[in-house]
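Here is how the chains run, residue by residue.
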Amino acid sequence: MDLREELCEYGRRCVEQGLVIGTSGNLSVRDGDLVTVTPSGVALDQLTPEACPVVDLEGYLVAGDTQPSSETPMHLALYQATGAQAIVHTHSVFGTVVATTMTELPPVHYNALLLGGTIKVADYATYGTPELASNVRAAMEGKQAALLANHGGVTVGASLEQAFSSTRLLEWLCEVYVRGLAIGRPTILTESQLAAVVDRALNPPTFPRRP
């Protein structure tokens, strides 16, 4: 599938799963020194391949007639700081709830390890600014996801499929935490408990065959 077609496909999935509303949210995918990104001001379920512009890593438009997303500086900062090949940024409900109330999302479930453990909330800055890009870059260090204070969330991956899966996981973890707070104090997994999960994954049990 062409990268632009892939952006359109995952853009539609973001809308279908309620991860964005209106023209919020943006996605990008990297190919060498070029980044294909969703355009500014277009709802993700109305994207067409030809409307998706291409920029270089310095932010210069190299292909397309539409302006790239206003959050392109954040995408480029993350590409420069990580080995990511794709990025998904959404304004999902539970992710945004956590991002407006907390400084981090603690590991309430061991699947948080798939995103790097505790997820940090990047300090607030106006959308589309170098300040926000810098804040998110710092919060993402060593992680696959970050939350943006009073804004939303962002995930990185080796592909759009992986970044999108991480976005869904981030939203699920946020929902579990928020719903847990509604009925009590969620139990946070300790470092030793998380280490045991890693050890279990690296050394899975074997089951003998029936004689």
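Source: prediction; values computed, not measured.

### A look at the nonpolar core
Line of reasoning, step 1. One finds Met-74, Leu-78, Val-136 and Val-154 to be the most contacted residues of the largest nonpolar core, which totals 21 residues.
Line of reasoning, step 2. Every element with two or more residues in this core is listed here: helix 2 (72–81), helix 4 (130–140), strand 8 (145–148) and strand 9 (152–157).
Line of reasoning, step 3. Apart from the residues within four sequence positions on either side, Met-74 is in contact with Asn-26, His-89, Ala-133, Val-136, Leu-148 and Val-154.
Line of reasoning, step 4. Counting 17 residues, the second largest nonpolar core, distinct from the first, contains Phe-94, Val-98, Cys-174 and Tyr-177.

### What to know about the pairing of strand 5 (residues 86–90)
Line of reasoning, step 1. The element strand 5 is largely enclosed, with a buried count of 5 among its 5 residues.
Line of reasoning, step 2. Covered by surrounding structure in strand 5 are Ala-86, Val-88 and Thr-90 together with Ile-87 and His-89, the residues of both alternating faces.
Line of reasoning, step 3. Summarising the sheet, strand 1 (residues 26–31) and strand 5 pair through 4 bridges and their orientation is antiparallel. Along strand 5, the bridge assignment pairs Ser-28 with Ile-87.

### Regarding a nonpolar patch on the surface
Line of reasoning, step 1. A contiguous nonpolar surface patch, about 380 Å² in accessible area, is contributed by Tyr-110, Leu-113, Val-198 and Leu-202.
Line of reasoning, step 2. Structurally, Tyr-110 can be placed in the loop between strand 6 (104–105) and strand 7 (119–122).
Line of reasoning, step 3. Here Tyr-110 falls in the partly exposed class, since its relative accessible area comes to 45%.

### Digging into the sheet that holds strand 2 (residues 34–37)
Line of reasoning, step 1. Taken in spatial order, the 9 strands of this open sheet run 4-3-2-1-5-9-8-7-6, and their pairing is mixed. The sheet is open, and its two edges are formed by strand 4 (61–63) and strand 6, each paired on a single side.
Line of reasoning, step 2. Packing of helix 1 (residues 3–16) onto the sheet brings it into contact with strand 1, strand 2, strand 3 (54–56), strand 4 and strand 5, and relative to strand 1 it is tilted by some 150 degrees.
Line of reasoning, step 3. The sheet strands contacting helix 5 (residues 160–183) are strand 1, strand 5, strand 6, strand 7, strand 8 and strand 9, and the helix crosses strand 9 at an angle near 140 degrees.

### Focus: helix 4
Residues spaced three or four apart along an α-helix face the same direction, because each turn holds 3.6 residues.
Line of reasoning, step 1. Taken together, the buried positions of helix 4 are Leu-132, Ala-133, Val-136, Ala-139 and Met-140. The buried side chains of helix 4 occupy one side of the element, clustering within an arc of 130 degrees when seen end-on.
Line of reasoning, step 2. Buried residues along helix 4 sit against helix 2, strand 7, strand 8 and strand 9.

### With respect to the side chain of His-75
Line of reasoning, step 1. When you line up the elements, His-75 lands in helix 2.
Line of reasoning, step 2. Taking relative accessible area as the criterion, His-75 reaches 1% and is therefore assigned buried.
Line of reasoning, step 3. Here the side chain of His-75 touches Asn-26 through a polar contact of 2.7 Å, side chain to side chain.
Line of reasoning, step 4. For His-75, the residues in contact, after removing those within four places along its chain, are Asn-26, Leu-27, Ser-28, Ile-87 and His-89.

Reading the values: the criteria
- Throughout this document, residue positions are counted from 1 along each chain, in the order its sequence is written.
- Totals for whole chains, interfaces and linings use every residue, but because this is a predicted model, local features are given only for residues with pLDDT of at least 70 and side-chain atom pairs only at 80 or more, for both listing and counting.
- Side-chain measures here rest on the full set of heavy atoms in the structure, leaving out hydrogens and waters.
- Residues belong to one nonpolar core when they are buried, are Ala, Val, Leu, Ile, Met, Phe, Trp, Tyr or Cys, and are joined through side-chain atoms within 4.5 Å.
- Relative accessible area decides the class of each residue, using a 1.4 Å probe on protein chains only: under 20% of the type maximum gives buried, over 50% gives exposed, and in between gives partly exposed.
- Helix and strand labels come from DSSP, where a helix needs a run of H or I of at least four residues and a strand needs a run of E of at least two; each type is numbered from the N terminus.
- Contacts were defined at the residue level, with two residues in contact if any of their heavy atoms lie within 4.5 Å.
- Pairing between strands requires that DSSP locate at least two bridges from one strand to the other.
- Residues enter patches when they are more than 30% accessible in relative terms and free of salt bridges; like-charged ones are connected within 9 Å and nonpolar ones (Val, Leu, Ile, Met, Phe, Trp, Tyr) within 5 Å.
- Each accessible area is a Shrake-Rupley estimate made with a 1.4 Å probe; only the visible protein chains count as cover when residues are assessed.
- Between Lys or Arg on one side and Asp or Glu on the other, a salt bridge is scored when a side-chain nitrogen of the former is within 4 Å of a carboxyl oxygen of the latter.
- Between the N-to-C directions of two axes lies an angle of 0 to 180 degrees, each axis being a line fitted to C-alpha atoms and, for a helix, fitted only over the stretch in contact.
- The arc refers to the directions leading from the helix axis to the C-beta atoms.
- Polar contacts, as used here, are pairs of N or O atoms within 3.5 Å; protein pairs need one atom able to donate a hydrogen and one able to accept it. Residues neighboring in sequence count only if both atoms are side-chain atoms.

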